Amino acid sequence: MCGIMGYIGGKNAAENVLEGLKRLEYRGYDSAGIAVLDNKGTISVVKRQGRVIKLEPLIKNLQGGAAIGHTRWATHGRPCDGNAHPHSAGRITIVHNGIIENYAELKKQFTDEDETFFSETDSEVVAKLINKNYNGNLLCALYKTVCVLKGSYALMAICEGVDAIAVAKCKSSVILGFGSGENYCASDEPALAGKCSEICSLEDYDLALITRKSIQIFDGNLNPVSRTKRPNTAVSASLDLNGYPHYMLKELHEVPASIKNTVSAFPEVCGSYLKAVAGADRIILLGCGTAYHAALIGKRYFECFARIPAEAETSGEFRYKNPVITKNTAVLAISQSGETADTVEAARLASSLGAKVVAVTNAPYSRLTRISDVSVPVEAGSEICVAATKSYTGQVAALYLCALAFANGGISEKELSELEKIPKLCKTALNDINVDSLAQMCAQSHGVYFIGKDLDYAVALEGSLKLKEVSYVPSEGYPAGELKHGTLALIDGNTVSVALMFDEKLSEKCSNAVEQVLSRGGKAAVITDSETIANKFRNRCSVIIMPNAGKYLSPLVSAVAVQAIAYKCAVFLGRDPDKPRNLAKSVTVE
Ligand code: F6R
């Protein structure tokens, strides 16, 4: 993870990079730093633990036309000023996104020679290596260095007295921006929004030398290469809260638009999607965290609509288990960012084993999109809150369409119009439901158990993840029937069990679990679209009634309830739901 950016040109480089870093903070916000190369060739570094905004007063006196910057999500070394990037050694200063897996052995070579390290990071050794390899040519020094690195890296390096930025990439993304008399590099497109008209993505093992006037790109053997340029369509996410106190709440209210836009976009890609998955006899859905929870729902859609074997797996497990893949396997890789390292590598592995890979993503130019056979868009728009809300419902809508289209060889007007009713139901739910007392109950509890059966169970897992992520209240998601096989031992007056009941046929069974919780003195809540169920539990526990969307589309509505509970609970506890501790929005490392 970590966001990095570089600028070289006639403008104030530090201000330019600071602006870019602010837009990359979703990649990490443990610390931030900027190094500026001034017109005399001297490098100055400022860095601080905490958010990018802390750099604002520190760069005031930093003049210079070249700069590199970093916003960190700590992997090696705790968040503190000393571990913040940039890191320097001799004439060289670098920023790094990724993980240098062999850093310990590389570092030993220097410590054996009594070299001092000023940080606990894996990155500082890269600066030492480039400095050691430097012989008057920055790019060659970087090249020699990356030849001995194992792991993942997006690296930017500057050198005292050299008016250039050298860049290298392996597994972590690097985007280059072509300007007039100025050029850019960044880990991700939002940093470059509105800054230049054309951009390109580097391939793995590429290096680049960026000056004010030119960008030269080289492959892993240092041969000059060109990479396809594309118009810079990156838009900077609107930072306007639109009157909402938090992005999480704003984005929750954008769930209806996310579903609507995802549904509208599907017909255009339906043909190419069907072509890619034609003849598949097995479906594997991959994702991490919330995207994995969407995968669980997608699996049920494929099984129910197409009666085809479907599996959902976390990308991080899939990529290390020697998976069984044939050329008739279709893999749907789900990712909001399209940059999640585990999902990108899992998709790459599946593709190399002969599977057709479909990216289901919110990011059309992401790494995931580039390695996939076809991309099904999730039109959630930019999601600033670290916790996924509208991207999850967008993913579920996209997977519903993928499964239906696969089952029926296309999507009918009737099916589309069924889905088109859902945004209105979500809007009604967002305006009408009151989750305050349940959220308060969760905030005061020792633990919250979300339970449900089948699709409700998948949403229960998401509810649990969302709650712990933004409120830090311990929580787990369980299939309702599993409660009595162990977790019931934890139930007492300090716990809350939240049962999701959106499937009439299964509600009877889930009701039993709620009864078991209540009879053991546990607190309980029921979220349902059925008046009958609601009446059964009213006056006995907290009940939230949601609009009825039908069995298969109910996750789009029930998700709104669990996301709202998590949000309110975080607010009651005084947490920042938009930037929970220890997390980042885009997880580009293992
Ligand atoms: C939770 C959350 C994460 C992401 C996960 C995958 O609210 O946002 O669990 O879902 O890190 O991210 P993407 O979808 O970008 O691959």
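Undergrad: So what's going on with the site of the ligand? Residues and values would help.
TA: The immediate surroundings of the ligand are formed by 15 residues, with Ser335, Gln336, Ser337, Thr340 and Glu469 found nearest. Contacts to the ligand include Ser337, whose side-chain N or O atom sits 2.6 Å from an oxygen atom. In the model, an oxygen atom of the ligand is placed 2.9 Å from a nitrogen or oxygen of the Ala388 main chain. For the ligand, whose unbound accessible area comes to 400 Å², protein coverage reaches 89%. Looking at the shell around the ligand, the elements with two or more residues in it are helix H7 (290-306) and helix H15 (455-471). Tallying contributions element by element places H15 first for the shell around the ligand, with 3 residues.

Undergrad: Residues and numbers for the nonpolar core, please.
TA: Counting 97 residues, the largest nonpolar core has Tyr273, Phe302 and Ile527 as its most contacted members. Lining this core are residues from two domains, each supplying at least three of them: domain 2 (241-420) and domain 3 (431-578). Residue contacts for Phe302: discarding those within four places in its chain leaves Tyr273, Ile283, Leu285, Arg307, Ile308, Ala310, Leu332, Cys402, Ala403 and Phe406. Of all hydrophobic cores here, the second largest spans 30 residues; its members include Ile94, Ala157, Ala164 and Leu209.

Undergrad: So what's going on with the environment of Pro479? Residues and values would help.
TA: One can find Pro479 in strand S22 (residues 475-479). A relative accessible area of 26% means that Pro479 is categorised as partly exposed. Through-space distance from the C-alpha of Pro479 to that of Phe450 is 8.5 Å; in sequence the pair is 29 residues apart. Sequence-distant contacts of Pro479, defined by excluding residues within four places in its chain, comprise Gly452 and Tyr457.

Undergrad: Help me get a handle on empty space enclosed by the protein, residues and values and all.
TA: On inspection of all chains with the given rule, the structure shows 1 cavity of 30 Å³ or more. Quantified by volume, the largest cavity comes out at close to 70 Å³. Cys2, His70, Arg72, Trp73, Thr75, His76, His85, His96, Gly98, Thr121, Asp122 and Ser123 are the residues that line the largest cavity. Elements supplying a minimum of two residues to the lining of the largest cavity: strand S4 (66-72) and strand S6 (92-100). Taken together, the residues that form the lining of the largest cavity break down as 2 nonpolar, 8 polar and 2 charged.

Undergrad: Provide a residue-level description of the pairing of strand S21 (residues 447-452), including the pertinent values.
TA: Regular strands place side chains that alternate from one sheet face to the opposite one. Burial runs high along S21: 6 of the 6 residues are buried. The alternating pattern of S21 places Gly447, Tyr449 and Ile451 and Val448, Phe450 and Gly452 on opposite faces, both of which are buried. Pairing of S21 with strand S23 (residues 495-501) involves 5 bridges; the strand directions are parallel. Within S23, the residue paired with Ile451 across the bridge is Ala499. In terms of strand pairing, S21 meets S22 through 5 bridges, oriented parallel. Bridged to Tyr449 within S22 is Glu476. After leaving S21, the chain enters H15 and then returns to the sheet as S22, a path that is right-handed.

Procedures and definitions
- Residues numbered from 1 in each chain as written.
- Predicted model: local features only at pLDDT ≥ 70, side-chain atom pairs only at ≥ 80, totals over all residues.
- Heavy atoms only, no water.
- Near = heavy atom within 4 Å.
- Polar contact = N/O pair within 3.5 Å; in protein donor to acceptor, adjacent residues only side chain to side chain.
- Areas by Shrake-Rupley, 256 points an atom, 1.4 Å probe, with all protein chains shown as cover.
- Helix = DSSP H or I, 4+ residues; strand = E, 2+ residues; numbered from the N terminus.
- Core = buried A, V, L, I, M, F, W, Y, C linked by side-chain atoms within 4.5 Å.
- Buried < 20%, exposed > 50% of the residue type's maximum accessible area, 1.4 Å probe, protein only.
- Domains from an automatic or database assignment.
- Contact = heavy atoms within 4.5 Å.
- 1 Å grid on protein atoms, 1.4 Å probe; cavity = no way out; pocket = protein on both sides within 12 Å on 5 of 7 lines; lining within 4 Å.
- Points joined across faces, edges and corners; volume = space filled by probe spheres on them.
- Nonpolar A, V, L, I, M, F, W, Y, C, P; charged D, E, K, R; others polar.
- Pairing = 2+ DSSP bridges.
- Right-handed = clockwise from strand over helix to strand, strands pointing away.

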